[in-house]
Amino acid sequence: MIIYRLADSLVQTEPEQLETEYCSAVILTSSAEAAGALRLAGIDYEGELSTDSIAFSKIETQSDFLLGTLCIPKLPDIPCSRYRIMLFISRHRIVIVDDYNFSRNIFRRIQNGNANQRLTVQRVVCCYFTQLMQRDTELLIQHEQKIMQLEEDISDGKTDGFFERINPIRKELLVLRSYYDELCDMGKELEQDENKLFDKKQRKYFGTIFDRADRLMDRTSYLLEYAQQVRDSYQSRVDAEQNSNMAFLTAISTIFFPLTLITGWYGMNFENMPELENGYPRIILLSIAVVIICIIIFKRKKML
């Protein structure tokens, strides 16, 4: 368990130094120690203190505190792996239940970036969510570059393994869009503050959570549309190649169809058939002439 006392900066402290219920603090804990951390913070919660069952991110309003859950996509396996975290936010205390040490790294960055600044519970919550999304713009830029590279490869005719490259990108973007949508809802819930836990002047910080998550969601939606356009371009190119192949096969079949008719006609063993004797040279010349005429016709129609 790690306890930060909110003063001019985040100061790591001991449990006995939280003298009164009005002493603002942040408590980072694991699921095993969560019950003791909540008692220390003065938060009465009777539900299950396990992060394993967390499936999505949300904020719920309780009687005198806010209960939040975070289901954060984990790099590099965004579609399958998650950081699952519980948040308990009261007027003066924040308890974060995290079994991954993910939040500890976030608070180190908050300490480095907010030195000698007056920190309140509202500001710490805002800083936490800001750090949560700090590197996501860079991630989306990487996805955009991958999609642009795919588009260039299609233009150059390099289509091998296209779906094996585009499908993982689309899956990750779909997961991220849902995640940012959930963060937008969390930002709205915090800004509404139904329990009136925070000062009205301090609620403005929560608006930045919604704004940032909304921008990320818009960018993710744009990348999904871009990926679909690249996928359509690939499909159009494949269809064009297939049509070209079919046209070529059709032309070849058409060229040899008259020859099949001729050989079928002269393959019938009638007794009085014309040219029954010494007819091979004429039939060969006729077949060659038919092939040449068909080739000339298809060349003019640009089918060959």
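Residues numbered from 1 in each chain as written. Predicted model: local features only at pLDDT ≥ 70, side-chain atom pairs only at ≥ 80, totals over all residues. Heavy atoms only, no water.

Trainee: Break down the nonpolar core for me, citing the residues and quoting the values.
Mentor: Formed by 61 residues in total, the largest nonpolar core has its most connected members in Leu70, Phe107, Tyr128, Phe129 and Leu183. Excluding its chain neighbours within four sequence positions, the residues that come into contact with Phe107 are Tyr4, Leu10, Val26, Leu28, Ile96, Val124 and Tyr128. Residues Ala34, Ile43, Leu67 and Phe88 belong to the second largest nonpolar core, which totals 18 residues. (Core = buried A, V, L, I, M, F, W, Y, C linked by side-chain atoms within 4.5 Å. Buried < 20%, exposed > 50% of the residue type's maximum accessible area, 1.4 Å probe, protein only. Contact = heavy atoms within 4.5 Å.)

Trainee: Residues and numbers for the sheet that holds strand β2 (residues 10-13), please.
Mentor: The mixed open sheet is built from seven strands, whose spatial order is β2-β1-β3-β7-β6-β5-β4. The sheet terminates laterally at β2 and β4 (58-61), the two strands that pair on one side only. Within this sheet the neighbouring strands show an average axis-to-axis angle of 20°, counted without direction. Looking at chain direction, strand β6 (residues 82-89) and strand β7 (residues 93-98) are connected through five bridges and run antiparallel. Looking at β7, one finds that Phe88 is bridged to Val95. In the packing of helix α1 (residues 34-41) onto the sheet, the strands contacted are β1 (2-6), β3 (25-29), β6 and β7, and the crossing angle to β7 comes to about 175°. Sitting on the sheet, helix α5 (residues 162-192) touches β4, β5 (66-73) and β6, and the angle it makes with β5 is about 160°. (Pairing = 2+ DSSP bridges. Helix = DSSP H or I, 4+ residues; strand = E, 2+ residues; numbered from the N terminus. Axes fitted to C-alpha atoms, helices over the stretch in contact; angles between N-to-C directions.)

Trainee: Let's hear about the pattern of salt bridges: which residues, and what values?
Mentor: When their charged atoms lie close together, side chains carrying opposite charge are able to pair. Considering all chains together, one arrives at three salt bridges under this definition. Note that Lys58 and Glu60 form a salt bridge whose closest N and O atoms lie 2.6 Å from each other. On the basis of relative accessibility, which here comes to 30%, the residue Lys58 falls in the partly exposed class. (Salt bridge = Lys/Arg side-chain N within 4 Å of Asp/Glu carboxyl O.)

Trainee: Which residues make up the packing of aromatic side chains, and what are the values?
Mentor: What the rule picks out here adds up to 14 aromatic pairs. Geometrically, the ring pair formed by Phe163 and Tyr234 is edge-to-face, given 5.2 Å between the ring centres and 90° between the ring planes. Of this pair, Phe163 sits in helix α5 while Tyr234 sits in helix α6 (residues 204-266), and the two are 71 residues apart along the sequence. On the accessibility criterion, Phe163 (28% relative accessible area) is partly exposed. Taken together, a centroid distance of 6.2 Å and an interplanar angle of 20° make the contact between Tyr222 and Tyr226 stacked. With Tyr222 and Tyr226 both in helix α6 and four residues apart, this pair spans about one turn of that helix. One aromatic cluster in this structure is built from Tyr4, Phe107, Tyr128 and Phe129. A cation over an aromatic ring shows up here: Lys74 above the ring of Tyr83, its NZ or CZ 4.8 Å from the ring centre. (Phe/Tyr/Trp six-rings, centres within 6.5 Å; stacked < 30°, edge-to-face > 60°. Lys NZ or Arg CZ within 6 Å of the ring centre and 35° of its normal.)

Trainee: Describe in detail α1, supporting the description with residues and values.
Mentor: Restricting attention to buried positions, one finds in α1 the residues Ala34, Ala37, Leu38 and Ala41. The arc that holds every buried residue of α1, seen down its axis, measures 100°, which confines them to one face. Looking one or two residues beyond α1, the residue adopting positive phi is Gly42, at roughly 75°. (Arc of directions from axis to C-beta.)

Trainee: Kindly report on the pairing of β4, identifying the contributing residues and their values.
Mentor: The pairing of β4 with β5 spans four bridges and is antiparallel. Bridge pairing in β5 places Thr61 opposite Leu66. The antiparallel hairpin formed by β4 and β5 contains four residues in its connecting segment.

Trainee: I'd like a description of the packing of helix α2 (residues 102-113) against helix α3 (residues 121-132), backed by residues and values.
Mentor: Where α2 meets α3, the closest approach of the two axes is 10 Å, and the angle between their N-to-C directions is 110°. When the interaxial angle is binned, α2 and α3 end up roughly perpendicular. On α3, the residues touching Phe102, Ser103, Ile106, Phe107, Arg109 and Ile110 of α2 are Val124, Cys127, Tyr128, Gln131 and Leu132. Residue composition of the contact of α2 with α3, grouped by class: eight nonpolar, two polar and one charged. (Parallel < 35°, antiparallel > 145°, perpendicular 65-115°, else oblique. Nonpolar A, V, L, I, M, F, W, Y, C, P; charged D, E, K, R; others polar.)

Read these as geometric descriptors, not functional statements.
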